[in-house]
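Fold and contact review
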Amino acid sequence: MANITKRVSWSSLCEDRAPGEGTALLDDTPGARRCRRQEFSGGSLFRIGRLSTIDLDEEVTSKEETLKQPNEIPHNEKLLSLKYESLDYDNIENQLFLEEEGQMSPMGFKCVEISRWVICGLIGFLTGLIACFIDIVVEIVAAYKYKIVKRYIDQFVVEGGLCASVILWAILNSAFVMAGSLVVAIFEPIAAGSGIPQIKCYLNGVKIPRVVRLKTLVVKVFGVICSVVGGLAVGKEGPMIHSGAVVAAGVSQGRSTSLKKDLKIFEYFRRDTEKRDFVSAGAAAGVSAAFGAPVGGVLFSLEEGASFWNQMLTWRIFFASMISTFTLNFFRSIYNGNPGELANPGLINFGQFESGAYKLYEIPIFICMGAVGGVLGAGFNALNYWLTIFRIRYIHRSYLQVIEAILAAAATATVSYILMYCSDDCQTPGEHQAVEYPLQLFCPDGQHNSIATVFFNTPERSVRNLFHNFPGSYNSLTLFLFTFTYFFLACWTYGLTVSAGVFIPSLLLGAAWGRLIGNLLTNSGVSIFADPGKYALMGAAAQLGGIVRMTLSLTVIMVEATGNVTYGLPIMLVLMTSKIVGDYFAEGLYDIHIKLQSVPFLGWEAPATSHSFTAREVMSSPVMCFNRTEKVGTIVDVLSNTSAKHNGFPIVSDFTTNEPGRICGLILRSQLIVLLKHKVFVERAQLKQRKLLLKDFRDAYPRFPPIQSIHVSQDERECTMDLTEFMNPTPYTVPQETSLPRVFKLFRALGLRHLVVVDNENRVVGLVTRKDLARYHLGKHGLEELQLAQT
Amino acid sequence: QEFRRVFFLFLLKIICSLILEAPLAAQSSAMVSLHLVPRLIALLLLLPGRIRSSSPVFNSLLSDLQGDPELEERCRDLLRDFGRRYESYVKCAVPSARPVRICENCHIQFEMLRVVYNNISSDQADPENCRDSLLRADRLMLVYMLFQNLEDVWDVAHCSQCLSGDGLSNITLRYMAKLNQSLSCFESQKNNHSELCRVCRADYKDLNEFYSIMEKNQTLCIDIEDSMNATRRLWSKDFNCSFPREETVPVIAVSSFMLFLPIIFYLSSFLHSEQKKRRLIHPKRAKSNNSLMNIQDKHS
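An unreviewed UniProt entry lists chain B under the name Osteoclastosis associated transmembrane protein 1, with Scleropages formosus as the source organism.

As named in an unreviewed UniProt entry, chain A is Chloride channel protein, taken from Scleropages formosus. The UniProt entry for chain A carries this comment under Subcellular location (unreviewed entry): "Membrane". Word for word, the UniProt comment on chain A under Sequence similarities (unreviewed entry) is "Belongs to the chloride channel (TC 2.A.49) family."

Quick look at the overall build of chain B
Tallying secondary structure elements over chain B gives 12 helices and three strands in all. For chain B, buried positions account for 31% of its 300 residues. Within chain B, contacts between residues at least 6 apart in sequence are counted, and of these 65% link residues at least 24 apart. Here chain B displays about 19,300 Å² of accessible surface, and carbon together with sulfur accounts for 59% of that area.

Things to note about the overall build of chain A
In terms of regular secondary structure, chain A is built from 29 helices and 19 strands. The buried share of chain A, taken over its 791 residues, is 60%. Here chain A displays about 30,100 Å² of accessible surface, and carbon together with sulfur accounts for 61% of that area.

Let's talk about the environment of B:F186
Residue and element names in this part refer to chain B. The residue F186 is located in helix 8 (residues 170-188) in this model. Taking the C-alpha atoms as reference points, F186 and R201, separated by 15 residues in sequence, lie 9.9 Å from one another. F186 has contacts with L196, C200, Y204, T231, L234, W235 and F239, leaving out every residue within four places of it along the chain.

Concerning the confidence of the model for chain B
Residues and elements named next belong to chain B. For chain B, per-residue confidence averages 76 on the pLDDT scale, and 74% of positions sit at 70 or higher. Of the regions scoring below 50 in pLDDT, residues 46-54 engages in four contacts with residues more than four places distant in sequence or in other chains. Every residue in residues 289-300 is under pLDDT 50, and counting partners more than four places away or in other chains gives 24 contacts. In the predicted complex, the global pTM is 0.81; the interface-specific ipTM is 0.83.

So, helix 16 (residues 459-468) of chain A
With seven of its 10 residues buried, helix 16 of chain A lies for the most part within the structure. Packed against the buried residues of helix 16 of chain A are helix 9 (237-251), helix 15 (452-455), helix 17 (476-493), helix 18 (503-523) and helix 19 (532-548) of chain A.

A short note on the packing of helix 5 (residues 106-159) of chain A against helix 12 (residues 311-335) of chain A
Residues and elements named next belong to chain A. Direction vectors running N to C along helix 5 and helix 12 enclose 35°, while the axes themselves pass 7 Å from each other. Between helix 5 and helix 12 the crossing geometry is right-handed. Of the residues in the contact of helix 5 with helix 12, the class split is 16 nonpolar, six polar and six charged.

Topic: the domain arrangement of chain B
Residues and elements named next belong to chain B. Taken domain by domain, chain B holds domain 1 (2-66), domain 2 (73-157) and domain 3 (168-238). Centre-to-centre, using C-alpha coordinates, domain 2 lies 34 Å away from domain 3. Contacts between the two partners involve eight residues from domain 2 and, on the opposite side, seven residues from domain 3. Of the roughly 690 Å² buried between domain 2 and domain 3, counting both surfaces, carbon and sulfur atoms make up 54%. Taken together, domain 2 and domain 3 are joined by one salt bridge. There are six residue pairs in polar contact (both at pLDDT 80 or more) connecting domain 2 and domain 3. Of the residues in the side of domain 2 that touches domain 3, the class split is five nonpolar, no polar and three charged.

Points about unusual backbone geometry
The peptide bond linking A:S621 to A:P622 adopts the cis configuration, its omega dihedral lying at 0°. Between B:R98 and the following residue, B:P99, the backbone shows a cis peptide bond with an omega angle of -20°. Looking at the secondary structure, you find B:P99 in the loop between helix 4 (69-93) and helix 5 (102-122). Even without being a glycine, A:R210 presents a positive backbone phi close to 65°.

Quick look at the UniProt feature "domain: CBS" (unreviewed entry) in chain A
Within this structure's numbering, the places UniProt gives as "domain: CBS" (unreviewed entry) are residues 727-785 of chain A. Between the end C-alpha atoms of residues 727-785 of chain A there is a gap of 33 Å, over a span that is 27% helix and 37% strand.

Remarks on the side chain of A:N728
Residues and elements named next belong to chain A. Within the fold, N728 resides in the loop between strand 13 (720-722) and strand 14 (733-735). For N728, a relative accessible area of 6% gives the class buried. What N728 contacts, discounting residues up to four positions off in sequence, is D90, N91, I92, E93, N94, G665 and L666.

Observations regarding the pattern of salt bridges
Per the stated rule, a full pass over the model turns up 39 salt bridges over all chains. The partner of A:E113 in a salt bridge is A:R316, and the shortest N-O contact between them spans 3.2 Å. Of the two residues, A:E113 is situated in helix 5 and A:R316 in helix 12; the sequence distance between them amounts to 203 residues. Accessibility expressed as a relative area gives 25% for A:E113, which makes it partly exposed. The closest approach of N and O atoms between B:E111 and B:R114, which form a salt bridge, is 3.7 Å. One end of the pair, B:E111, and the other, B:R114, are both in helix 5, three residues apart, so they sit about a helical turn from each other. On the basis of relative accessibility, which here comes to 40%, the residue B:E111 falls in the partly exposed class.

Describing the nonpolar core
Counting residues in each nonpolar core, the largest one holds 164 residues, and the members touching the most others are A:M420, A:F456, A:F467, A:L507, A:L537, A:M558 and A:I571. If one sorts the elements of this core by residue count, helix 5 of chain A sits on top with 17 residues. Aside from chain neighbours lying at most four places away, what touches A:L537 is A:F350, A:F353, A:F467, A:M558, A:T562, A:Y567 and A:I571. Of all hydrophobic cores here, the second largest spans 39 residues; its members include B:L78, B:L113, B:Y175 and B:Y211.

Re the state of the cysteines
Overall, the coordinates contain five disulfides over all chains when judged by the stated rule. Sulfur-sulfur distance for the disulfide between B:C162 and B:C221 comes to 1.8 Å. As the torsion about the S-S bond is roughly 105°, the B:C162-B:C221 disulfide counts as right-handed. With B:C162 in the loop between helix 7 (142-156) and strand 1 (163-164) and B:C221 in the loop between helix 9 (193-217) and helix 10 (222-238), the pair connects residues that are 59 residues apart, well separated along the chain. The exposure classification of B:C162 matches that of B:C221, with both residues buried. Free cysteine A:C422: the closest other cysteine sulfur is in A:C443, separated by 13 Å. Relative accessible area serves as the criterion here: at 46%, A:C422 is assigned to the partly exposed category. Not engaged in a disulfide, the cysteine A:C664 finds its nearest cysteine sulfur in A:C625; these two sulfurs lie 9.9 Å apart.

Procedures and definitions
Residues numbered from 1 in each chain as written. Chains lettered and ligands numbered in written order. Predicted model: local features only at pLDDT ≥ 70, side-chain atom pairs only at ≥ 80, totals over all residues. Heavy atoms only, no water. UniProt positions renumbered as here; feature names shortened; annotations may be inferred. Helix = DSSP H or I, 4+ residues; strand = E, 2+ residues; numbered from the N terminus. Buried < 20%, exposed > 50% of the residue type's maximum accessible area, 1.4 Å probe, protein only. Contact = heavy atoms within 4.5 Å. Areas by Shrake-Rupley, 256 points an atom, 1.4 Å probe, with all protein chains shown as cover. pLDDT = per-residue confidence, 0-100. Axes fitted to C-alpha atoms, helices over the stretch in contact; angles between N-to-C directions. Left-handed = near helix turned anticlockwise from the far one by under 90°. Nonpolar A, V, L, I, M, F, W, Y, C, P; charged D, E, K, R; others polar. Domains from an automatic or database assignment. Buried area = accessible area lost by both parts, 1.4 Å probe. Salt bridge = Lys/Arg side-chain N within 4 Å of Asp/Glu carboxyl O. Polar contact = N/O pair within 3.5 Å; in protein donor to acceptor, adjacent residues only side chain to side chain. Core = buried A, V, L, I, M, F, W, Y, C linked by side-chain atoms within 4.5 Å. Disulfide = S-S within 2.5 Å.

Listed below in structure tokens is the structure:
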């Protein structure tokens, strides 16, 4: 076992370590010198990654070689990034915590409960407000843009020079998209995309860096407005969910670290446990504002984060959702000039279906449409998967990303324009359906180009047009061409460096081919299929289900957005079929993106064939341990070891040199850093004015300073720290023989971050973390193992 | 006279009870005597006829029995008046159906009809007024429904939007002048379509723009909409003066250039951008006893 890095004193560590040099694994740091590790007989090593796409045979021949030359591979989906850490969902029940809880009166607990409700109300209110803001700004700016473009197109049709209007439209679109994309690429890349995968991960228990910061929210809101106004094939619904989550994470803390403003309220909630609960409320409020679907929002949170859940939380989340949709509704009514008339519960409103009920004989048709949606959705996901891999591998510089977004915007405008130019489908506007920006182009006077009503409009309105325009508003060729082009446009657009969601494009796509099917049925001469709008709705549901593969929550969201419970059964059947069919071919879009971002995401259950694994094979070993009273120098060295950035350290007692010690607690890196920062050294006890309180830990949360920023002098390195008071004295442990599914269940149900593996005598032999579990994954050829990678 | 009235009343009662109660009794009671059956059948057969028949005796009797004949006479006048005006309106409206000129031609008749209807509906003299007796006395409410239908037609046609006072509004008259100008231009050039397109374009454009303004201000009624539609159809379809699709080549050139850009972009970034590599990290694992066995072996 080679010891690669030289032993250096901590003060010189910083200068010595050039970037990239500290990559080798440290097996024998000064801190680990007293750490007992279990030497198993055998001496050969456990092979990892044999089944992953990369053949590791050469590397595993000798560990020596592996250590010296860390191999580099192109990015693929079978990696786990070191960047992501777990949330500390499990409470640290150390002495400080118990003391504080003991001091709280029953009244105090009631106050905490009440402030939880207040926070949920605030979350709903602010989320609704943000939704309202986005909506109104998009409406105003888009109306302005379309008016300008329409004026020029109308003018150029008369005077000649139509190619100038293409360029004008493309440039306008590109300008908006460029603004949005620049902001995202430069200031906050995590704000790109819909944000739903990230929120899913957060609710799953993964801490995605910077995902719930205020800056992200600002960038997201601005980015969404730009990309929707820029005419990309995107919607503003997905980002609403992310926005809601950020609002929740911000409000519940009573302060903003970015603005350096601390309101000194809600301090009790400054830990991951509480924050995650509020984030689930925020996500629900976001869904609720986006679709006017409060119940759907609650179920979304339930579906995505159900592993840690309780009844009271459900009720609170429902409260937040209701407030959010009400707020949006109320402010929109003010904006529309009739305050108090609460008619717009969501950003997208599918509107009332006049034809009302469906007939029994239509159900088989709906189910077939579900299957079509599944196939198309799987195709969409597969295409997007390849595109995303290409993007990660080759388009990783921010200027390239901005250029890509600009080109996509220009191409979207151009393709729409070509279709409009070539289309001969002219329609007379009906009495009750004013076309917002009718483009005449080469149609006879008094008519407008039919395909322009879907392309030359914000996607939300296009969806509504497809649902509600009377039969015969679109001819079948138009719908087919639209579906065909929009499929590729939407697929291309998702994953660009702009903040935008995939909900609306999917709905639009599905509505188009659904209406096409409806048209064909209506024209088939059988008069029983009256309303193509109904088929558009089912197509939209099928397509969305085929792409995102959500089940319960999506059904409820669709039903609520339609406002018609009778459609519940067909929508459910459609979504079921599309999920089953889609899962046969490819995964859901969000899951694909989670994988491609190498997030250690834990599924509902352990992979089906993993029973033969035991905790011993899963765990990391040996473990860095500390004594109850540990030398400061040791701690600092262990913490500043960049190659093995551990987060939890078991505290052990009564060890001998080569024997693992008995476990007596667990301490986290963040706690150690706070201790070091406050210099809680035994030798300095007399100098300290006050005892360290839980509040000091909360104040540092959530951005604990890196170890490098804490200065420890040579003298202080010789001091010792007593960790007894701060460690969690009752960590969860499992014996070595525990099976993987059992470990998994414990982990998932309790939201653990560290699980200590002990032998018969309670001696620490290993530590199971999220990444140890997430690396097992059921692939096409049985169980596969993901690799850890630096990203 | 008095005696006759009482007698008829009595007779009426008997008839009514026979008609209404006998079948009911027959249905409800299972113990119907057999000799009653033929009578019941006869009654049942007669039943529809009796209710529908408009025997003068029946009607005059009823009206005689109901309240004050003097008030009835006043209402009867109103009703007659309503009928006359209704007739004249319908006589005007039907010929104006195609091409639609209903607002222009029939607004006077409609106004008169509305006046008499308002008279009826505002008649509230106690205790038995014409409003109640003409409009609300029965399930059918024929007068009300007849008028309501016509009023709906009037509303749907938006006729009030191009009327002002007791005639056509100014803006409507101006529109008509412009329309006539265009149409006369069409008439003068109708033999040569290409010439027509050139000569009449100014007039037509003027008309079209004026129409758009009216559309925005909501001063359109069905007459104007219909005449404009017809004119547009003439212009676009019959005379074929729409704008031709002339610039296909430049548009396609520009578009294909735009669509070509992303392809170049992706190709160049594929060729020139360095591929992002990930550095693998090998975590520390316990050396297990069955170490050299990899996962696949375990599960195959």
